Amino acid sequence: KLTQNILAMNYYRLLILFGMMLGLSLYSYSTPSFTYEGLNYEVISEEDFTCRVASTPNASGNINVPQCVYDGNVQYTVTEIGENAFKGNEAITEVRLPSSVTTLDRKCFHGCSSLEVINLPSSVSLIQDAAFSGCTSLRSIEIPDAVSEFGFGVFGDCTSLSSVTLGQGLQSIGYNCFENCIS
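Residues numbered from 1 in each chain as written. Predicted model: local features only at pLDDT ≥ 70, side-chain atom pairs only at ≥ 80, totals over all residues. Heavy atoms only, no water.

1. What about the side chain of Ser-45?
Inference 1: Turning to its location among the elements, Ser-45 is positioned in strand β2 (residues 39–45).
Inference 2: From its side chain, Ser-45 meets the backbone nitrogen of Asp-48 in a polar contact 2.9 Å long.
Inference 3: Residues contacting Ser-45, with those up to four places away along its chain left out, are Thr-50 and Tyr-76. (Helix = DSSP H or I, 4+ residues; strand = E, 2+ residues; numbered from the N terminus. Polar contact = N/O pair within 3.5 Å; in protein donor to acceptor, adjacent residues only side chain to side chain. Contact = heavy atoms within 4.5 Å.)

Listed below in structure tokens is the structure:
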């Protein structure tokens, strides 16, 4: 009976170990990513050939996000500015987005304190939480008609923001959307 108990314990230990290894291998799976013309990208869908701008901490000056980018011979369409893509980057002054971008993810430009100008193409329909919070040099912005709601704190602490043109489709403004916008 003792031998059976020891075998059972070893069996359960092996199951637990196998489960942990399986969990780690699933957890360690990463989204395919690549760099194109100085910006980092993550693949959203390999079937639709779409991608997002990913964390790019070393970008500076005027940023022109292209509509199409290449990873080797594969062409992807840029449809999102990803979460934290340019977060805390104090060297960016201007951003031009292509007409393929539909989503500005959480904190994508958070803390870009030198960002003065950004164009939002009419294709943008979703601006998520704190997308522009802490952009202290941003003075004005035009929101496309396709945007129906702002997330939480989208323009919080944009202390120079003095002009916001709201699109006709806007129905909901998130909590603290314009907190500490004192201009």
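2. Let's talk about the nonpolar core
Within soluble globular proteins, side chains that are nonpolar tend to cluster in buried spots.
Inference 1: If you look at the biggest cluster of nonpolar residues, it comprises 42 residues, and the most contacted ones within it are Ile-81, Phe-86, Leu-104, Phe-109, Ile-127, Phe-132 and Phe-155.
Inference 2: Of all the elements in the fold, those that place two or more residues in this core are β2, β3 (50–53), β6 (74–81) and β7 (92–96).
Inference 3: Those residues in contact with Phe-86, other than ones at most four positions away along the chain, are Leu-39, Val-53, Thr-56, Ala-59, Ile-63, Ile-81, Ile-92, Cys-108, Phe-109, His-110 and Cys-112. (Core = buried A, V, L, I, M, F, W, Y, C linked by side-chain atoms within 4.5 Å. Buried < 20%, exposed > 50% of the residue type's maximum accessible area, 1.4 Å probe, protein only.)

3. Comments concerning the pattern of salt bridges
Inference 1: Inspection of every chain in the model, using the stated rule, returns four salt bridges.
Inference 2: For the salt bridge of Glu-83 with Arg-106, the shortest nitrogen-to-oxygen distance reads 2.8 Å. Residue Glu-83 is found in the loop between β6 and β7, and its partner Arg-106 is found in the loop between β8 (103–104) and β9 (117–119); the two are separated by 23 residues along the sequence.
Inference 3: Under the relative-accessibility criterion, Arg-106 is labelled partly exposed at 32%.
Inference 4: Among the salt bridges present, the one from Arg-96 reaches Glu-94, with a minimum N-O distance of 2.6 Å.
Inference 5: Salt bridges linked by common partners bring Glu-42, Arg-52 and Glu-80 together as one network. (Salt bridge = Lys/Arg side-chain N within 4 Å of Asp/Glu carboxyl O.)

4. Here we look at the state of the cysteines
Inference 1: Enumeration according to the criterion identifies zero disulfides in this entry.
Inference 2: Of all cysteine sulfurs, the one in Cys-135 lies closest to Cys-112, which takes part in no disulfide; the gap is 5.2 Å.
Inference 3: Overall, Cys-112 belongs to the buried group, its relative accessible area being 0%.
Inference 4: Distance from the sulfur of Cys-177, which forms no disulfide, to the nearest cysteine sulfur (Cys-181) is 7.7 Å.
Inference 5: For Cys-177, a relative accessible area of 2% translates into the label buried. (Disulfide = S-S within 2.5 Å.)

5. Quick look at the side chain of Thr-79
Inference 1: For Thr-79, the position within the fold is in strand β6.
Inference 2: Look at Thr-79 and you get buried, because its relative accessible area is 16%.
Inference 3: With sequence-adjacent residues up to four places away left out, Thr-79 is seen in contact with Ile-44, Thr-50, Cys-51, Ser-100, Val-101, Thr-102 and Thr-103.

Read these as geometric descriptors, not functional statements.
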